[in-house]
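Residues per chain are reported as follows:
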2 protein chains.
Amino acid sequence: MTTAPKTEKRSRIQRKNRKLILEAALDVFSAHGYRGSTLDQIAEQSGLSKPNILYYFQGKEAIYQHLLANILASWLEPLEAIDRDGDAVEEIIAYVQTKLALSQQHPRQSRLFANEILQGARRISQQSKDELKVLVEATAEKIRAWIEAGRLASVDPYHLLFSIWASTQHYADFESQITMILGQETLGNAQVGALDEQTFEQAHAFLDMQFRRLLTP
Amino acid sequence: MTTAPKTEKRSRIQRKNRKLILEAALDVFSAHGYRGSTLDQIAEQSGLSKPNILYYFQGKEAIYQHLLANILASWLEPLEAIDRDGDAVEEIIAYVQTKLALSQQHPRQSRLFANEILQGARRISQQSKDELKVLVEATAEKIRAWIEAGRLASVDPYHLLFSIWASTQHYADFESQITMILGQETLGNAQVGALDEQTFEQAHAFLDMQFRRLLTP
DNA sequence: GTCTATAGTTAGATAGAC
DNA sequence: GTCTATCTAACTATAGAC
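Along each chain, residues carry numbers from 1 onward, in the same order as the chain's sequence is written. Chain letters start at A and ligand numbers start at 1, both assigned in the order the entries are written. At least 70 in pLDDT is required for a residue's local features to be given in this predicted model, at least 80 for side-chain atom pairs to be given and counted, and no such filter applies to totals for whole chains, interfaces and linings, which use all residues. Values reported for side chains reflect all heavy atoms of the structure, with hydrogen atoms and water molecules removed beforehand.

Chemist: Any chance you could break down the pattern of salt bridges for me, citing the residues and the numbers?
Modeler: Between Lys or Arg on one side and Asp or Glu on the other, a salt bridge is scored when a side-chain nitrogen of the former is within 4 Å of a carboxyl oxygen of the latter. Under the definition given, this model contains 18 salt bridges over all chains. A salt bridge links R123 of chain B to E61 of chain B; the shortest N-O distance between them is 3.7 Å. Residue R123 of chain B is located in the loop between helix 6 (107-118) and helix 7 (126-148), and its partner E61 of chain B is located in helix 4 (residues 60-80); the two are separated by 62 residues in the primary sequence. D208 of chain B is the salt-bridge partner of R212 of chain B, the closest N and O atoms lying 3.0 Å from each other. Residue R212 of chain B and its partner D208 of chain B are both found in helix 10 (residues 197-215); the two are separated by 4 residues, about one turn of the helix. Accessibility here uses a 1.4 Å probe with only protein chains present; expressed as a share of the type maximum, an area under 20% marks a residue as buried, one over 50% as exposed, and anything in between as partly exposed. Here R212 of chain B falls in the partly exposed class, since its relative accessible area comes to 29%. Three or more residues are tied together by salt bridges with common partners; here these are E23, D27 and R108 of chain A. Secondary structure elements follow DSSP: runs of H or I no shorter than four residues count as helices, runs of E no shorter than two count as strands, and numbering proceeds from the N terminus.

The structure is reproduced here in structure tokens:
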């Protein structure tokens with residue numbers, strides 16, 4: 001029994017199958033959590049056999065770690081994009097909208113991440129945690145500078161970030177509850193489980209207003 | 001093999017053991033999710049043997065359902081307490097503070113519930129879902145009336161509730177991330193995992209300001 | 001690269017003695 | 001009411017043929 005090549009050049013079929021596996025695994029892990037997911041489910045979802053999946057990845061944990069690392073990276077990216085030389089309120093509002101758009105376009109990633117945090121972030125490496133902390137610290141510093149310059153209302157930078165994360169990610173993580181409450185009278189749409197466009201437009205408008213009122217000096 | 005009495009009178013020892021089991025199960029389920037939890041863990045945590053646990057409850061699912069039903073009830077309670085004849089802004093602010101206090105005092109319940117929603121609310125009965133929907137609908141109606149009376153700024157009632165739930169529950173559900181970011185330089189405290197008093201005071205102040213600014217007409 | 005077969009664990013639940 | 005022993009099913013992972 002051989003194993004797939006690591007970082008060296010991968011064939012077309014290898015790239016395709018790895019992609020199939022990761023896509024299927026994202027479906028399964030985000031819906032059932034790590035322990036609730038099985039290789040059988042990932043195999044069925046991807047159309048590959050179980051041993052074949054273990055040919056491409058070292059095991060269940062390796063697939064999960066791969067997804068988690070990617071999600072962490074895309075989670076940090078928009079934070080870095082905040083421009084300390086830009087208009088303070090507009091920079092924050094833009095960040096809120098970016099995060100909300102991520103919840104709309106990548107709800108499975110958000111849910112996998114939420115699951116991981118909820119259960120104590122056991123599978124996130126100390127290095128990743130340190131990176132997160134440093135980046136958040138730098139962002140808090142940008143916010144503090146804006147406040148001292150009188151360009152932003154005086155708020156605690158950390159709790160501002162918590163509030164933004166919570167209220168934007170909520171639309172992905174608590175999607176099943178939102179659907180439960182708003183009902184889905186939209187019978188026209190194929191009910192695949194995602195929230196409809198209109199809900200996100202309303203969320204967009206609401207959060208814009210909420211954070212604008214909070215932050216305008 | 002016999003089974004424990006259902007609703008009829010239970011002995012002291014029965015009440016005590018059921019309580020032990022539920023307390024242990026809350027620890028375990030909130031930390032690992034449904035599928036990630038085992039009867040062995042609940043047995044060890046409660047100090048009872050596995051068969052003994054199955055003497056008191058019909059199975060793993062029954063224990064979970066019992067906890068979930070209680071959590072749902074305590075989740076709905078503060079919503080009903082909102083008084084349509086009270087001061088609009090103060091009523092909402094009081095609700096926010098109540099929800100935040102619940103996150104502080106009962107973080108495990110919040111996390112068990114979040115886990116359940118995150119994974120699609122599969123184990124919540126249709127009846128409970130309907131009850132939730134009706135109660136939220138009634139609350140939205142109270143908020144709409146306040147807005148029409150000019151006592152509250154014009155906001156979407158549903159998205160207001162989503163924002164409140166998200167930003168208060170965040171302190172329980174994402175506790176591990178908050179700890180990660182705020183660090184715990186508080187070496188004096190026995191680090192059992194919970195956020196310290198100071199963090200909740202800051203959250204209290206922040207959310208008070210956020211929703212006051214949003215809602216004051 | 002992909003498959004069938006299976007080893008090795010772990011988990012939920014039950015039987016039956018005490 | 002509580003325990004030891006055990007059954008059965010599910011799951012990760014590996015062996016080895018093709």
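Chemist: Summarise the relation of the copies chain A and chain B; cite the residues concerned and give the values.
Modeler: We superpose the copies by least squares over the C-alpha atoms of residues that have a pLDDT of at least 70 in both of them. By a simple turn and slide, chain A fits onto chain B: the slide is 0.0 Å along the axis, the RMSD is 0.0 Å, and the turn is 180 degrees. Taken together, the rotation angle and the small translation identify this as a two-fold axis. Identified as the residue of chain A closest to the rotation axis by C-alpha distance is A166 of chain A, at 2.6 Å. Residues are treated as being in contact if the distance between any of their heavy atoms lies within 4.5 Å. When the interface residues of chain A are mapped onto chain B, 100% of them again lie at the interface, so the same face is used by both copies.

Chemist: Kindly report on helix 1 (residues 12-36) of chain B, identifying the contributing residues and their values.
Modeler: One fewer than the residue count of a helix, multiplied by 1.5 Å, yields its expected span. Here helix 1 of chain B contains 25 residues, and its C-alpha end-to-end distance of 31 Å is more than 12% below the 36 Å for a straight helix at 1.5 Å per residue. Think of it this way: the bend at a residue is just the angle between two axes, each fitted to seven residues, one set ending at that residue and the other starting at it. At S30 of chain B, helix 1 of chain B is deflected by roughly 80 degrees, the largest bend along its length.

Chemist: How would you explain the protein's contact with DNA strand C if you had to name every residue and give the values?
Modeler: Throughout, near means a residue has at least one heavy atom within 4 Å of the molecule or strand. Around DNA strand C sit 17 residues in total, of which S11, Q14, S49 and Y56 of chain A together with L39 of chain B are the nearest. Backbone atoms, meaning sugar and phosphate, make up 62% of the atoms of DNA strand C lying within 4 Å of the protein. We call two N or O atoms a polar contact when they sit within 3.5 Å, provided that within protein one can donate a hydrogen and the other can accept it, with sequence-adjacent residues counted only if both atoms are side-chain atoms. Within the side chain of S11 of chain A, an N or O atom sits 2.8 Å from a phosphate oxygen of DNA strand C. K50 of chain B places a polar side-chain atom, nitrogen or oxygen, 3.5 Å from a base nitrogen of DNA strand C. Sorting the residues of the surface near DNA strand C by element identifies helix 1 (12-36) and helix 3 (50-56) of chain A together with helix 3 (50-56) of chain B as the ones contributing at least two each. The element contributing the most residues to the surface near DNA strand C is helix 3 of chain A, with 4 residues.

Chemist: Outline the packing of aromatic side chains, supporting the account with residue identities and numerical values.
Modeler: Each aromatic ring pair is characterised by the separation of its centres together with the angle its planes make. Pairing of aromatic side chains requires ring centres within 6.5 Å, counting the rings of Phe and Tyr and the six-membered ring of Trp. Pairs whose planes differ by under 30 degrees are stacked, by over 60 edge-to-face, and all others tilted. Applying the stated criterion across every chain, the model contains 18 aromatic pairs over all chains. Both rings, one in W75 of chain A and one in F113 of chain A, keep their centres 5.3 Å apart while their planes meet at 40 degrees; by these two values the pair is tilted. Of the two residues, W75 of chain A is situated in helix 4 (residues 60-80) and F113 of chain A in helix 6 (residues 107-118); the sequence distance between them amounts to 38 residues. Across this residue pair, the class does not change: W75 of chain A and F113 of chain A are buried. Through pairs of rings, three or more aromatic residues link up here, namely W75, F113, F162 and W165 of chain A together with Y171 and F200 of chain B.

Chemist: Tell me about the protein's contact with DNA strand D, and please be specific about residues and values.
Modeler: Taken together, 18 residues form the shell around DNA strand D, and within it L39 and K50 of chain A together with Q14, S49 and Y56 of chain B come nearest. Counting only the atoms of DNA strand D that lie within 4 Å of the protein, the sugar and phosphate share comes to 64%. Between K60 of chain A and DNA strand D, the recorded distance is 3.0 Å, taken from a backbone N or O atom to a phosphate oxygen. In this structure, a phosphate oxygen belonging to DNA strand D sits 2.5 Å away from a side-chain N or O atom of Q14 of chain B. Mapped by element, the contributors of at least two residues to the surface near DNA strand D are helix 3 of chain A together with helix 1 and helix 3 of chain B. Only Asp, Glu, Lys and Arg are considered charged in this grouping, and only Ala, Val, Leu, Ile, Met, Phe, Trp, Tyr, Cys and Pro are considered nonpolar; every other residue, Gly among them, is considered polar. The class makeup of the residues in the surface near DNA strand D is 7 nonpolar, 8 polar and 3 charged.

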